[in-house]
2 protein chains.
Amino acid sequence: VADAVEVAFHRAVLRLLDGRGTVLVAVSGGGDSVALLHLLTRLSPKLRPRLVVAHLDHGLRRAASADRRFVERLSASLDLAVQAASQDVREARRKDESLEEAARRVRRAFLLTAARKAGADAIATGHTQDDQAETILMRLARGAGPAALAAMQPAGPGPFIKPLLGLERAALRAWLKKRGLAFRDDPSNESLAYDRNRVRRLVIPVLAKALNPASARHLVEAASRLREDAMFLDAQAQGLFAVMTGRRGDALKLDATALAALPHPLAARVARIALTSAGCDPRRISTRHVDAVVALASAKPGSSLDLPGRMVLSRREVLLEFRPCVFPRRS
Amino acid sequence: VADAVEVAFHRAVLRLLDGRGTVLVAVSGGGDSVALLHLLTRLSPKLRPRLVVAHLDHGLRRAASADRRFVERLSASLDLAVQAASQDVREARRKDESLEEAARRVRRAFLLTAARKAGADAIATGHTQDDQAETILMRLARGAGPAALAAMQPAGPGPFIKPLLGLERAALRAWLKKRGLAFRDDPSNESLAYDRNRVRRLVIPVLAKALNPASARHLVEAASRLREDAMFLDAQAQGLFAVMTGRRGDALKLDATALAALPHPLAARVARIALTSAGCDPRRISTRHVDAVVALASAKPGSSLDLPGRMVLSRREVLLEFRPCVFPRRS
């Protein structure tokens with residue numbers, strides 16, 4: 001009887017591996033990437049591309065050399081070449097980056113270089129459905145907008161592919177156990193992404209156990225549906241903004257009557273685009289500012305409003321006028 | 001210096017209590033409802049309505065009589081009348097209800113009766129922002145659609161008001177501690193809603209600690225924005241469906257060219273409405289069915305598709321035709 005994980009993996013890689021001669025496999029030594037490597041090696045000779053293993057030590061974990069030895073031994077046992085490297089992410093970190101962002105950048109650069117050396121036309125990483133759900137929850141909890149709901153895609157950007165994206169971490173762990181395959185405990189991320197690890201160990205498993213084993217899948221599906229709605233309305237709002245606005249010198253003028261007539265999901269979006277176009281820093285535009293702009297469209301002529309970035313919004317006869325503040329504000 | 005919780009509460013009740021003579025306060029004895037009761041009693045005489053306490057023992061918890069004694073003593077100390085009752089929710093449970101649904105129905109009926117007896121024109125419950133976020137997460141994890149994102153409203157349905165809906169549980173707990181006010185540990189829900197309690201104890205606190213203290217608020221805000229988008233598109237789709245369809249006898253006919261020309265968020269919605277209108281059981285309509293209907297709108301005439309509820313969908317020259325299956329299917 002075919003194993004469910006192997007069947008699902010087979011279906012996923014059919015499309016992803018189509019025509020790929022050599023695939024570089026990013027292996028940290030943790031359960032996800034080790035499962036990915038074993039699943040790839042077990043594909044039928046016809047499907048199976050040439051495989052090269054890549055392993056990066058981020059310099060963030062005490063057990064890093066043991067992780068590297070584990071990946072090297074595993075690759076040797078599978079008769080695969082390994083490209084391993086060490087790079088201190090703390091040292092490589094730029095001023096405007098979090099440690100996690102720096103690690104992502106360094107890892108990406110390493111994998112792209114390793115792929116070039118190996119002559120690989122794809123780079124496979126071990127992202128699972130749980131990673132997707134975690135990312136979505138974390139972004140929502142941090143207060144990001146609909147862009148937070150962007151799901152990872154199994155193919156891209158560039159040569160990157162994520163063959164495990166439709167599989168659950170628990171199913172992969174059960175598969176490793178069933179096949180008697182060893183992996184390192186949580187290796188790459190321990191000290192790197194403490195927050196994500198807490199979400200990983202607690203949030204998704206609790207939702208899965210308490211509510212529904214398919215919680216991760218449901219979250220990913222809902223996010224993708226909701227994001228599609230949001231992006232569609234964003235595009236409509238861009239079109240409306242284009243026909244509702246004009247510029248004269250420093251001032252941006254917006255048709256107040258038309259804005260007041262729009263249903264709220266579109267009015268709020270047009271107001272946000274107008275605030276950004278007028279020169280307000282997008283990071284400083286809050287829902288409160290957006291709603292104030294929409295409200296001003298129905299206010300009486302002569303009303304005005306201070307906006308972030310030293311901008312003033314005034315209600316004229318039939319227009320809203322955004323312009324830079326002329327007089328220095330008293331603070 | 002005014003306390004932040006008291007200020008936020010005061011702002012919330014200004015609107016909610018406007019014109020209410022007598023308010024029935026639902027008090028389980030747990031931290032949320034005890035904080036609600038104390039905050040209400042501490043309002044200025046001008047704002048403060050007459051208060052009557054209501055307490056229901058669901059018959060689900062061993063410590064229930066201690067909870068009831070606690071609420072009775074607390075009410076006596078505040079010089080308030082109590083209406084307490086016991087009702088065995090397990091016994092009252094109907095076949096088609098979960099224990100949680102039965103408890104909600106029984107509690108609601110009890111509170112409405114108690115309000116009538118007390119001559120109350122509002123019923124205040126202790127739902128917090130955390131309850132909102134928990135409900136949204138639980139529904140998303142269970143696989144509900146955009147309706148899952150429906151946020152509770154501070155006023156309604158009927159006489160119910162939720163004055164704590166903008167406040168965080170942690171802030172309320174800190175306030176109780178600061179004021180030296182006692183409450184019972186997790187009284188009403190212990191055995192009643194085991195799942196919700198696991199989400200409550202683990203999920204929201206983990207998100208708050210690991211990511212952002214305002215996680216609950218961010219989740220609620222994102223949900224409300226996304227739901228607004230979804231409901232707006234639902235309404236557009238209803239309008240489109242009305243002009244794109246016709247009936248002849250048992251058959252529902254849908255303009256295939258028009259459906260194929262719609263952007264996916266609207267096409268999927270119109271297809272779902274069509275499936276429901278044609279008589280398919282909404283609970284059995286999956287994303288797969290919806291996408292199959294949309295795909296058939298671009299397929300060549302003569303193609304057809306079996307649907308749940310013994311319905312058949314056929315692609316005619318310019319129409320999609322939904323009709324009941326005529327021949328018995330071989331199974």
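Now for a quick tour of the structure. All values derive from a computational prediction rather than experimental measurement. (Residues numbered from 1 in each chain as written. Chains lettered and ligands numbered in written order. Predicted model: local features only at pLDDT ≥ 70, side-chain atom pairs only at ≥ 80, totals over all residues. Heavy atoms only, no water.)

Thoughts on the overall build of chain A
Logical step 1: Looking only at helices and strands, chain A features 12 helices and 10 strands.
Logical step 2: Rg of the C-alpha trace for chain A: 25 Å, well past the compact-globule value of 20 Å for 331 residues, more than 25% over.
Logical step 3: Counting every position in chain A, which comprises 331 residues, the buried fraction comes to 48%.
Logical step 4: For chain A, contacts bridging at least 24 residues in sequence account for 67% of all contacts bridging at least 6.
Logical step 5: As presented, chain A carries roughly 16200 Å² of accessible surface, and 52% of it is formed by carbon and sulfur atoms. (Helix = DSSP H or I, 4+ residues; strand = E, 2+ residues; numbered from the N terminus. Rg over C-alpha atoms; globule rule 2.2 N^0.38 Å. Buried < 20%, exposed > 50% of the residue type's maximum accessible area, 1.4 Å probe, protein only. Contact = heavy atoms within 4.5 Å. Areas by Shrake-Rupley, 256 points an atom, 1.4 Å probe, with all protein chains shown as cover.)

Section: helix α11 (residues 264-277) of chain A
Residue and element names in this part refer to chain A.
Logical step 1: Between its terminal C-alpha atoms α11 stretches 20 Å, which fits the 20 Å expected from 14 residues at 1.5 Å a residue.
Logical step 2: Buried residues of α11: Pro 265, Leu 266, Ala 267, Ala 268, Arg 269, Val 270, Ala 271, Ile 273, Ala 274 and Leu 275, and no others.
Logical step 3: Note on α11: the residue one or two positions beyond its end, Gly 279, has a positive phi of about 110°. (Expected span 1.5 Å × (residues − 1).)

Considering the interface of chain A and chain B
Bring the parts together and some accessible area is lost; that lost area is often taken as the interface size.
Logical step 1: Taken together, the contact between chain A and chain B spans 39 residues of the former and 39 residues of the latter.
Logical step 2: Interface area, chain A with chain B, both sides summed: about 3400 Å², of which 70% is carbon and sulfur.
Logical step 3: A per-residue breakdown of the area chain A buries against chain B is headed by Ala141(A), Leu211(A) and Phe232(A), which together make up 17% of the total.
Logical step 4: There are 2 salt bridges connecting chain A and chain B.
Logical step 5: The salt bridge involving Arg269(B) is made with Asp229(A); its shortest N-O contact spans 2.7 Å.
Logical step 6: Where chain A packs against chain B, one counts 6 residue pairs in polar contact (both at pLDDT 80 or more).
Logical step 7: The set of elements that each furnish at least two residues to the side of chain A that touches chain B consists of α6 (129-142), α8 (194-210), α9 (215-244) and α11 of chain A. (Buried area = accessible area lost by both parts, 1.4 Å probe. Salt bridge = Lys/Arg side-chain N within 4 Å of Asp/Glu carboxyl O. Polar contact = N/O pair within 3.5 Å; in protein donor to acceptor, adjacent residues only side chain to side chain.)

Some thoughts on the relation of the copies chain A and chain B
Logical step 1: With an RMSD of 0.2 Å, the fit of chain A onto chain B corresponds to turning through 180° and sliding 0.0 Å along the axis. In symmetry terms, the pair is related by a two-fold rotation axis. If distances are taken from each C-alpha of chain A to the rotation axis, the shortest is found for Val203(A), at 2.6 Å.
Logical step 2: Both copies contact each other with a shared surface, as 100% of the interface residues of chain A are interface residues in chain B too. (Least-squares fit on C-alpha atoms with pLDDT ≥ 70 in both.)

Some details on the environment of Val312(A)
Residues and elements named next belong to chain A.
Logical step 1: Of note, Val 312 is situated in strand β9 (residues 311-315).
Logical step 2: A relative accessible area of 11% means that Val 312 is categorised as buried.
Logical step 3: Considering only alpha carbons, one finds Val 312 and Val 34, 278 residues apart in sequence, at a separation of 57 Å.
Logical step 4: What Val 312 contacts, discounting residues up to four positions off in sequence, is Ser 304, Leu 305, Asp 306, Glu 321, Phe 322, Arg 323 and Cys 325.

Here's the deal with the nonpolar core
Logical step 1: Core analysis: the biggest nonpolar cluster contains 62 residues, and Leu259(A), Phe322(A), Leu259(B) and Phe322(B) have the highest contact counts within it.
Logical step 2: In contact with Phe322(B), not counting residues within four places along its chain, are Asp250(B), Ala251(B), Leu252(B), Leu254(B), Ala274(B), Leu275(B), Ala278(B), Val293(B), Leu307(B), Met311(B), Val312(B) and Leu313(B).
Logical step 3: Listed in part, the 40 residues of the second largest apolar core include Val199(A), Ala133(B), Leu137(B) and Val220(B). (Core = buried A, V, L, I, M, F, W, Y, C linked by side-chain atoms within 4.5 Å.)

Some points on the side chain of Lys162(B)
All names here are of chain B.
Logical step 1: Inspection of the secondary structure puts Lys 162 in the loop between β5 (160-161) and α7 (169-178).
Logical step 2: Despite its burial, Lys 162 pairs with no opposite charge; the closest candidate is Asp 131, at 9.9 Å N-O.
Logical step 3: Within the structure, Lys 162 has its side chain in polar contact with the backbone oxygen of Gly 156 (distance 3.3 Å).
Logical step 4: Setting aside its immediate chain neighbours within four residues, Lys 162 contacts Leu 16, Thr 125, His 127, Met 152, Gln 153, Pro 154, Gly 156 and Pro 157. (Lys, Arg positive; Asp, Glu negative; His and termini not counted.)

Section: the pattern of salt bridges
Logical step 1: By the definition in use, this model includes 30 salt bridges over all chains.
Logical step 2: Between Glu134(A) and Arg169(A) there is a salt bridge, with the nearest N and O atoms lying 3.0 Å from each other. You can see Glu134(A) sitting in helix α6 and its partner Arg169(A) sitting in helix α7 (residues 169-178), a full 35 residues away along the chain. Just as Glu134(A) is buried, Arg169(A) falls in that class too.
Logical step 3: Its salt-bridge partner being Glu97(B), residue Arg105(B) comes within 2.6 Å of it at the nearest N-O pair.
Logical step 4: What you see here is one network of salt bridges that share partners, running through Asp32(A), Asp131(A), Glu134(A), Arg169(A) and Arg173(A).

Here's the deal with the sheet that holds strand β10 (residues 319-324) of chain A
All names here are of chain A.
Logical step 1: A sheet is described by the order of its strands in space; here 5 strands give the open sequence β6-β7-β10-β9-β8, paired in antiparallel fashion. Either end of the sheet is taken by a strand with one partner, and the two such strands are β6 (245-248) and β8 (304-307). Within this sheet the neighbouring strands show an average axis-to-axis angle of 20°, counted without direction.
Logical step 2: Note: β9 against β10, 5 bridges, orientation antiparallel. Residue pairing for β10: Met 311 is matched across the bridge by Pro 324. (Pairing = 2+ DSSP bridges. Axes fitted to C-alpha atoms, helices over the stretch in contact; angles between N-to-C directions.)

Structural notes on empty space enclosed by the protein
Logical step 1: Applying the stated criterion across every chain yields a total of 1 cavity of 30 Å³ or more.
Logical step 2: Its boundaries defined by the atoms lining it, the largest cavity holds a volume of some 70 Å³.
Logical step 3: Lining the largest cavity are 14 residues, and of these Leu140(A), Leu226(A), Leu140(B), Leu149(B) and Leu226(B) sit closest to its centre.
Logical step 4: Looking at the lining of the largest cavity, the elements that each hand over two or more residues are α6 and α9 of chain A together with α6 (129-142) and α9 (215-244) of chain B.
Logical step 5: Residues belonging to the lining of the largest cavity are distributed by class as follows: 14 nonpolar, no polar and no charged. (1 Å grid on protein atoms, 1.4 Å probe; cavity = no way out; pocket = protein on both sides within 12 Å on 5 of 7 lines; lining within 4 Å. Points joined across faces, edges and corners; volume = space filled by probe spheres on them. Nonpolar A, V, L, I, M, F, W, Y, C, P; charged D, E, K, R; others polar.)

Some thoughts on the sheet that holds strand β4 (residues 122-124) of chain A
All names here are of chain A.
Logical step 1: Strand order in the open sheet formed by 5 strands is β3-β2-β1-β4-β5, and the pairing between neighbours is parallel. The sheet terminates laterally at β3 (82-86) and β5 (160-161), the two strands that pair on one side only.
Logical step 2: As paired strands, strand β1 (residues 22-26) and strand β2 (residues 50-57) are joined by 5 bridges and run parallel to one another. What sits directly across from Ala 26, in β2, is Ala 54.

In short, the description is geometric, and any link to function would need to be established separately.
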